[in-house]
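Read off the chains here:
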Amino acid sequence: MKKIALTGIKPTGAPHIGNYLGAIQPALELAKTHDALYFIADYHALTTVKDRSLLKEQIYSLAATWLASGLDPEKVTFYRQSDIPEVFELTWILSCMTSKGLLNRAHAYKAAVDANTEAGVDPDSGVDCGLFYYPILMAADILLFSCHVVPVGQDQKQHLEITRDIAQAFNQTFGKVLTLPEPLIQENVKTIPGIDGRKMSKSYKNEIPLFTTPKNLKKRINQIVTDSKEVNEPKDPDKCNLFSIYSHFAPADAIVETRNRYLSGGLGYGELKSELFDLVDAFVAEGRSRYDELMADRKQIDQILKEGAEKARSIAKPLLQKVRESIGVQ
Ligand code: ADP
Ligand code: TRP
């Protein structure tokens, strides 16, 4: 029996090449050896996205990105969280197993409280209950599918610990019904720098989008920040984020050659940016045309997600039934 891998992705903005190399590609690799359930965490996004048309657009864009990146919906159960009502019933049940103090210590909530305290306003000012409950909804996403591993970024580790705490509390009270998941934090995945050299991230607005027009891609690559050394001056490749991004796309021999040209002088940043554009453009070309095709035919996306939700619910329903029986409501 294959182990079950599950992860949720929030539709909070166009995925970038850091997301692709750091999350999408490793998750698709993992799906080769696991029974994978990957879903769009749209109700988690509601904690920050409160614009109807934006949320809708981002859900489609995220779904199209994963499908265009090679997710095969025949092999991976791919669905939208909001299509699984069982998640929300389980959320309530789990909330009755969760001490409030555990949520008070969750990073995102704590950061909001700390910022308010610092500003001298009410600690809960501007905090909605969705942000506070976020970890319980995530625990329900995970525990409903009895999964074994959850591939996530380092920042989600605490949420997995909370999920395990909640599952343990439930099992101690009602018997061993829930499976304790393990986080899978890919240590060997490199952090891709953005155009300003900091970690590529939507929050820094320094990202290179994954599936955008060639024109836009070129413009963005040309915005990669470098020092102002002349073509003939020797340069340090290890202090240059252009070189670092380039190294994620170029073949090994080209990387060695470019490194030497940095050290000896004679390489212009404009020339390397143009080479990088060609590499990234070739890398994304096939996915981009599939992405454009899907975005132009959203019914196709709806159909895929609907079928995914049916498969997911066929796993969720019996587990929820077991939970109901174990707590005594049925
Ligand atoms: P962002 O920082 O742009 O908001 P997220 O926090 O939504 O991105 O990250 C989604 C996934 O993509 C996570 O698994 C995260 O580890 C991965 N990821 C994000 N940025 C990078 C990056 N610059 N390099 C590698 N992986 C990344
Ligand atoms: N909180 C996760 C994030 O911000 C998204 C998420 C929601 C998730 N539910 C999940 C991840 C369940 C893994 C498993 O990235």
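Predicted model, so just to flag it, every value in this text is computed and none were measured.

Draft legend 1. Examining the overall build of the protein more closely. Helix and strand content of the protein: 13 helices and five strands. Each of the three principal axes of the protein carries a C-alpha extent, and together these read 75 × 50 × 40 Å. Looking at the protein residue by residue over its 330 residues, the buried ones come to 47%. The long-range share in the protein, meaning contacts at least 24 apart out of those at least 6 apart in sequence, stands at 77%. When the accessible surface of the protein is totalled, it reaches about 16,600 Å², and 53% of it is carbon and sulfur. One finds the centroid of the 40 positive side-chain charges in the protein at a distance of 2 Å from the centroid of its 42 negative side-chain charges.

Draft legend 2. Seen up close, the domain arrangement of the protein. In terms of domains, the protein is made up of domain 1 (4-192 + 298-327) and domain 2 (211-290). Between the C-alpha centres of domain 1 and domain 2 there is a distance of 35 Å. Counting residues at the interface gives 11 residues for domain 1 and seven residues for domain 2. In total, about 770 Å² of surface goes out of reach between domain 1 and domain 2, with carbon and sulfur atoms giving 75% of it. Our count for the domain 1 to domain 2 interface comes out at zero salt bridges. On the surface where domain 1 and domain 2 come into contact, there are one residue pair in polar contact (both at pLDDT 80 or more). Partitioned by chemical class, the residues of the side of domain 1 that touches domain 2 number five nonpolar, five polar and one charged.

Draft legend 3. Region of interest: the pairing of strand β2 (residues 35-40). Within β2, five of the six residues are buried, which leaves it mostly tucked inside the rest of the structure. As paired elements, strand β1 (residues 4-9) and β2 share six bridges and run parallel to each other. Of the residues in β2, the one forming a bridge with Ala-5 is Ala-36. For the crossover that starts at β1, traverses helix α1 (residues 17-30) and ends in the parallel β2, the hand is right-handed. Sheet analysis places β2 next to strand β3 (residues 77-80), joined by four bridges and oriented parallel. Paired with Leu-37 across the two strands is Thr-77, which belongs to β3.

What counts, and where the lines are drawn
- Residues numbered from 1 in each chain as written.
- Chains lettered and ligands numbered in written order.
- Predicted model: local features only at pLDDT ≥ 70, side-chain atom pairs only at ≥ 80, totals over all residues.
- Heavy atoms only, no water.
- Helix = DSSP H or I, 4+ residues; strand = E, 2+ residues; numbered from the N terminus.
- Buried < 20%, exposed > 50% of the residue type's maximum accessible area, 1.4 Å probe, protein only.
- Contact = heavy atoms within 4.5 Å.
- Areas by Shrake-Rupley, 256 points an atom, 1.4 Å probe, with all protein chains shown as cover.
- Lys, Arg positive; Asp, Glu negative; His and termini not counted.
- Charge placed at Lys NZ, Arg CZ, Asp CG, Glu CD.
- Domains from an automatic or database assignment.
- Buried area = accessible area lost by both parts, 1.4 Å probe.
- Salt bridge = Lys/Arg side-chain N within 4 Å of Asp/Glu carboxyl O.
- Polar contact = N/O pair within 3.5 Å; in protein donor to acceptor, adjacent residues only side chain to side chain.
- Nonpolar A, V, L, I, M, F, W, Y, C, P; charged D, E, K, R; others polar.
- Pairing = 2+ DSSP bridges.
- Right-handed = clockwise from strand over helix to strand, strands pointing away.

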